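Each chain, written out:
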Amino acid sequence: MIESYARRRFLQFSTAALSMQGSLRAWEPSILKGEDKWVRSVCEMCSSRCAIEVRVVDQKPVWLQGNAFDARMHSSICARGLSGVSQLYDQDRLRTPLMRVGRRGENRWREASWDEALAFVASSMQRLKQNYGAQSMLFSSKTGESFDLLSSFAANYGSPNTFSHWSSCPIAIESALEQTFGERAYRDFEHADYIVNFGHNLFEGLDIPLSKAMARFAANPSKKLIVLDPRFSIMAGKADEWYPIKAGQDLAFVLSLLHVWLRDAKYDHAFVRRYCIGLDALKASLKETTPQWQERYTGIDAKTIERLADEIYRAAPRCILDWGHKATTSPAEFQRTRAILIANVLMGNVEKKGGIYFAKTPEMLNALIQEPLFPLLQSPYPTPEVGIARIDGAGEERSAYRFVPKKHGVLNAIADAILTQQPYAIKGWFLTRHNPLVTVADPQKMRTAMASLDLIVVNDIYMSDTAMMADVVLPESTYLERDESIHLHHGLVPSYTMRNRALTPLHRTRSLHEIVRSLADALGFSHAYPWKTMQELRAYQAKGNSALLESLVKRGYVQATIPHLFLREEASARAFCERYAHVEPRHVLEMFERRRKTPSGKIELFCAHIEKAFEGYGVPCAVDMDVQQNYPYTLISGKSAIHTNGHTQNVPYLHALMSDNPLWMHPSTAKAHGLRQNDTCYIENEIGKEKVKVFLTEGIRPDTLFLYMGFGRQTPLLPKIDRKGSSASKLLPLKTAPVCGAMITNTGVRIVRA
Ligand code: SF4
């Protein structure tokens, strides 16, 4: 079942790469005399996990590019991915464990051996457990394998308090999908004819396969792309029509679109009747959300809504309303995302080519084919139930965060829980590659809270703002220096990737696996991790499937060679059945018709259990749309194609490309405040006051201001980025969106002259 691709090894020098003298030196003939090999692995310069290959000359990685075994990648890679080599050789990396010698946050350190540092961490954790209970320790990590491992470590230690970056990023989407479909859904951009985009900026918040699919779509003159974004983003620049919608008002747009469709009985009646519940409640909720009603919220005129509603519906089912991640979230985030999902459902595009689809998992395909053709994986990270309530109440009955997955938690709840020591004593925090002083709202309050803890352990590549607050800093090996387990990617076809290291660590750094194993030994639960080596762990995970392992070591990426399967698309089902003769089209449809994992077993336009817990939220309606809170401007923030949140600002290549983040401001706004290009001023609200440099552009609404994320750092040991640029987080209140617990990243501000 492993796909075989003709190898196309050619080098695509991007303009950015050509300006990078460090990488060009690697191609000098003298260097090419030694061992020259390619290692296939997985990028970690952002969380998209693109398949990559690394050219290693004389044991030195010199070049990175996309892994062509993933046909969607070919050799493509983004500037961040290409800069993995620059991060590897960055002189500012952490090279050895450090232990605090001054006051917390004072930034005075001494070097320590791994034995000493880990013994200190283990004994401190043991002491906290004895004195306050294991639940007094918090654990947080970026999402991915490190989070799975850290969650397992926390559970075996006895703490329920694990936090991923979900609540500061995709939680509204995950929650809306769960409540509507009972599972994740994906978008078939490749075959869509019409896409409505709500700030899902795939040309800056990159995912190479998805971004390329979107680029092909946008470049095709027979297709139509509508973008709603207060800012003229790169995505907006590719649109057929761009609407500079007021920040946080997407919900009003979608509600009026739904109103028009329901008013005119334009929806897939058969699909809704057969597979959905809650149409009457939806109709009742949308009675007043007319195109005229939405004008005052969105700034888009009613006639345009009528035209778009007609156009979009006529394009169905090869039409997608894209719920994809956007960097700024409003209090209405859950309702907004639900409304977008429901619009897709009403178009009847579910499991249709060019519409939306559910994952074709190995389990599902094996059941359909009635043969165990697709490898199943088992988790190497046991995570026992802890049986203690979390500090944020995530997943607990009657909690405000009852619909937030226990595993992921609510980051915004941490600061208050530490400061009040409620619902119980909180004394320690173990963070791996997580920088809440940059990525979570109100870092001022978080800093105060962290200062009161007894123990902070940070595992990272750089001395981040958060690492500066630690007692112990454990330097992590970069992804080029470590092996990891197998990762199963869901989508139309299951695929598997594996991170293979390109070199042994350059410095005295370790992987989180090595750290966790050592600490588990010292804390008395080494039995949870019986694997001694990564090879043993992988073999356990793959259930001894050596063919899969060998392929992944060699190729880094393997994908099942099956026809793409859309369960409600006749031609697609037929093609699949031709390949597997004993499968009949009715079996394919039965897969779709199985009971969904929602409480009703159907697609829920109305969620009774949400309504019971959050009155008025069971069905999309006009709530929580005030993001300006009586301030004259709304501050929004977003991802850049050059940097990944707060992680990459110090990487030399990327720093050379982007070292600052001036504030986007409309010329009329600047004029009203007597400001000019490159002037400095302040933006402020009740949470904070931040100095900004003005960047004048007509590519933003006059009532909106924009900052790229990840700047305005406090990192004296990283002088290149210390106090450069401005931080939007410092102006965000610790508020969360109802139901899903998402951090709210639209906020009201005023402009103050410097
Ligand atoms: S989008 Fe770029 S940085 Fe992110 S994983 Fe892919 S190649 Fe790496």
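This text goes with the structure placed above it.
Just so it is clear, the structure is predicted and the values come from calculations on it, not from any experiment.

A closer look at the site of the ligand
Part 1 of the argument: Residues in close proximity to the ligand include Cys43, Met45, Cys46, Ser48, Arg49, Cys50, Ile77, Cys78, Arg80, Gly81, Leu206 and Ile208, which together make up its full environment.
Part 2 of the argument: For the shell around the ligand, a count of residues per class yields eight nonpolar, two polar and two charged.

What to know about unusual backbone geometry
Part 1 of the argument: Following alanine 316, the chain continues to proline 317 via a peptide bond in cis, the omega torsion being 5°.
Part 2 of the argument: Following the sequence through the fold, proline 317 ends up in the loop between α14 (302–315) and β13 (319–322).
Part 3 of the argument: Its identity as a non-glycine residue notwithstanding, arginine 49 has a phi of 55°, on the positive side.
Part 4 of the argument: Considering the arrangement of structural elements, one finds arginine 49 in the loop between β1 (36–42) and β2 (51–57).
Part 5 of the argument: Looking at arginine 49, the relative accessible area reads 13%, which means it is buried.
Part 6 of the argument: Residues other than glycine seldom take positive phi values, yet asparagine 107 does so here, at roughly 75°.
Part 7 of the argument: Accessibility expressed as a relative area gives 18% for asparagine 107, which makes it buried.

Digging into the sheet that holds β1
Part 1 of the argument: The strand order across the open sheet built from three strands is β1-β2-β3, with neighbouring strands paired in antiparallel fashion. The open sheet has two edge strands with one neighbour each: β1 and β3 (60–66). Direction aside, neighbouring strands of the sheet carry axes that sit 30° apart on average.
Part 2 of the argument: Two strands pair when backbone bridges link them, and β1 and β2 are joined in this way by seven bridges, in the antiparallel orientation. Counterpart to aspartate 36 in the pairing with β2 is valine 57.

What about the pattern of salt bridges?
Part 1 of the argument: Throughout the structure, instances matching the rule amount to 52 salt bridges.
Part 2 of the argument: For aspartate 392, the salt bridge identified is with arginine 390, shortest N-O distance 2.8 Å. The pair formed by aspartate 392 and arginine 390 is uniform in burial state, with each residue classed as buried.
Part 3 of the argument: Notably, a salt bridge pairs arginine 433 with aspartate 460, separated by 3.5 Å at the nearest N-O pair. Here the residue arginine 433 occupies a position in the loop between β15 (428–432) and α18 (436–439), and aspartate 460 occupies one in strand β16 (residues 455–460), the gap between them amounting to 27 residues. Both residues of the pair, arginine 433 and aspartate 460, belong to the buried class.
Part 4 of the argument: One network of salt bridges, in which partners are shared, links Glu44, Lys142, Arg433, Asp460, Glu476, Arg482, Glu484 and Arg499.

Remarks on the pairing of β15
Part 1 of the argument: Of all five residues in β15, five are buried, a share of seventy percent or more.
Part 2 of the argument: Where burial is concerned, the two faces of β15 agree: the one with Gly428, Phe430 and Thr432 and the one with Trp429 and Leu431 are both buried.
Part 3 of the argument: Bridge analysis of strand β6 (residues 137–141) against β15 gives five bridges, and the strand direction is parallel. Note that in β15 the partner of serine 140 across the bridge is leucine 431.
Part 4 of the argument: Judged from the five bridges that link them, β15 and β16 form a sheet pairing that is parallel. Residue threonine 432 lies in a different strand from β16, and its bridge partner there is asparagine 459.

A word on the environment of glutamine 649
Part 1 of the argument: By the element assignment, glutamine 649 lies in the loop between β22 (633–638) and α26 (652–657).
Part 2 of the argument: Overall, glutamine 649 belongs to the buried group, its relative accessible area being 1%.
Part 3 of the argument: Each C-alpha atom of the pair glutamine 649 and lysine 720 lies 8.7 Å from the other, and the pair is 71 residues apart in sequence.
Part 4 of the argument: In this structure glutamine 649 touches His643, His655, Met709, Gly710, Phe711, Arg713 and Ile721, once residues within four positions along its chain are discounted.
Part 5 of the argument: Here the side chain of glutamine 649 touches asparagine 645 through a polar contact of 2.9 Å, landing on its backbone oxygen.
Part 6 of the argument: At 3.3 Å, the side chain of glutamine 649 and the side chain of arginine 713 are in polar contact.

Re the nonpolar core
Considering soluble globular proteins, one finds that nonpolar side chains tend to be buried as a cluster.
Part 1 of the argument: Membership of the largest hydrophobic core comes to 120 residues, with the highest contact counts inside it found for Phe253, Ile312, Leu321 and Leu346.
Part 2 of the argument: Looking at this core element by element, the count peaks at ten residues for helix α10 (residues 250–263).
Part 3 of the argument: Not counting the four nearest positions on each side in its chain, leucine 346 is found in contact with Leu258, Trp261, Leu262, Tyr267, Asp268, Val272, Leu282, Tyr313 and Leu605.
Part 4 of the argument: Core analysis: the next-biggest nonpolar cluster, separate from the first, contains 35 residues, Leu150, Tyr157, Leu474 and Met534 among them.

Looking at α14
Part 1 of the argument: Over its 14 residues, α14 extends 20 Å from the first C-alpha to the last, a length consistent with the 20 Å expected when each residue adds 1.5 Å.
Part 2 of the argument: Among all positions in α14, only Ala302, Thr304, Ile305, Leu308, Ala309, Glu311, Ile312 and Ala315 are buried.
Part 3 of the argument: In the core, the buried residues of α14 are packed alongside β9 (194–197), β10 (224–228), β11 (241–243), α10, α13 (291–298) and β13.

How each quantity is defined
- Residues numbered from 1 in each chain as written.
- Predicted model: local features only at pLDDT ≥ 70, side-chain atom pairs only at ≥ 80, totals over all residues.
- Heavy atoms only, no water.
- Near = heavy atom within 4 Å.
- Nonpolar A, V, L, I, M, F, W, Y, C, P; charged D, E, K, R; others polar.
- Helix = DSSP H or I, 4+ residues; strand = E, 2+ residues; numbered from the N terminus.
- Buried < 20%, exposed > 50% of the residue type's maximum accessible area, 1.4 Å probe, protein only.
- Pairing = 2+ DSSP bridges.
- Axes fitted to C-alpha atoms, helices over the stretch in contact; angles between N-to-C directions.
- Salt bridge = Lys/Arg side-chain N within 4 Å of Asp/Glu carboxyl O.
- Contact = heavy atoms within 4.5 Å.
- Polar contact = N/O pair within 3.5 Å; in protein donor to acceptor, adjacent residues only side chain to side chain.
- Core = buried A, V, L, I, M, F, W, Y, C linked by side-chain atoms within 4.5 Å.
- Expected span 1.5 Å × (residues − 1).

All quantities given are derived from atomic positions and should not be read as evidence of function.
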